[in-house]
Amino acid sequence: YTQEGASGLHFARLIEQLGIGAQVRAKAVRRAGGLIGELVAAGEAELAVQQISELLAVPGIELAGPLPSEIQLVTVSCIGVFAGAEHAEAARALARYLASPEAARVIEAKGLEPLR
């Protein structure tokens, strides 16, 4: 797992809450950031914990699945258009496209949950 970023910080807190922090850290391979699944693909680790979209970006590894909902941390991304934006209509068009069924297929394929 990463030492920085949302997924790494969440996992570090989670293993402490579960009372297994020392045991996990003793066996864990960690790095500051980046695609931690690359360590699995290179044979340097057996398991990677990171956001699904980041794991799916690494060739040669298999997604085991998300953490159980009771311990999962969901990251919500939003889009907005600033008042007085120079290209406000283009930004609104992008927002509409990102909410479209066509974009939803790509968003899901990349491991994210589209707007419903």
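For the structure, see preceding data.
**With respect to the packing of aromatic side chains**
Here is step 1 of the chain: Applying the stated criterion to the full structure yields 1 aromatic pair.
Here is step 2 of the chain: Centroid distance Tyr1 to Phe11: 4.9 Å. Interplanar angle 65°. Geometry classified as edge-to-face. With a gap of 10 residues between them, Tyr1 in the segment before helix 1 (5-17) and Phe11 in helix 1 connect regions that are remote in the sequence. Take Tyr1 and Phe11: they sit in the same class, and that class is buried.

**Quick word on the pattern of salt bridges**
Here is step 1 of the chain: Scanning the entire structure with this criterion turns up 4 salt bridges.
Here is step 2 of the chain: Across the pair Arg25 and Glu16 runs a salt bridge, and its minimum N-O distance is 2.2 Å.
Here is step 3 of the chain: Residue Arg25 is classed as partly exposed on the basis of its relative accessible area of 33%.
Here is step 4 of the chain: For the salt bridge of Glu89 with Arg96, the shortest nitrogen-to-oxygen distance reads 2.8 Å.

**Examining helix 1**
Here is step 1 of the chain: Compared with an ideal rise of 1.5 Å per residue, which puts 13 residues at 18 Å, helix 1 spans 18 Å between its outermost C-alpha atoms and is within 8% of the ideal.
Here is step 2 of the chain: Every buried residue belonging to helix 1 is among Ser7, Gly8, His10, Phe11, Leu14 and Ile15, and all of these are buried. Angularly, the buried residues of helix 1 cover 165° about the axis, an arc narrow enough to put them on a single face.
Here is step 3 of the chain: Lining the buried residues of helix 1 we find helix 2 (21-27) and helix 4 (52-56).
Here is step 4 of the chain: Just downstream of helix 1, Gly19 is the residue with a positive phi angle, here 75°.

The rules behind the values
Residues numbered from 1 in each chain as written. Predicted model: local features only at pLDDT ≥ 70, side-chain atom pairs only at ≥ 80, totals over all residues. Heavy atoms only, no water. Phe/Tyr/Trp six-rings, centres within 6.5 Å; stacked < 30°, edge-to-face > 60°. Helix = DSSP H or I, 4+ residues; strand = E, 2+ residues; numbered from the N terminus. Buried < 20%, exposed > 50% of the residue type's maximum accessible area, 1.4 Å probe, protein only. Salt bridge = Lys/Arg side-chain N within 4 Å of Asp/Glu carboxyl O. Expected span 1.5 Å × (residues − 1). Arc of directions from axis to C-beta. Contact = heavy atoms within 4.5 Å.

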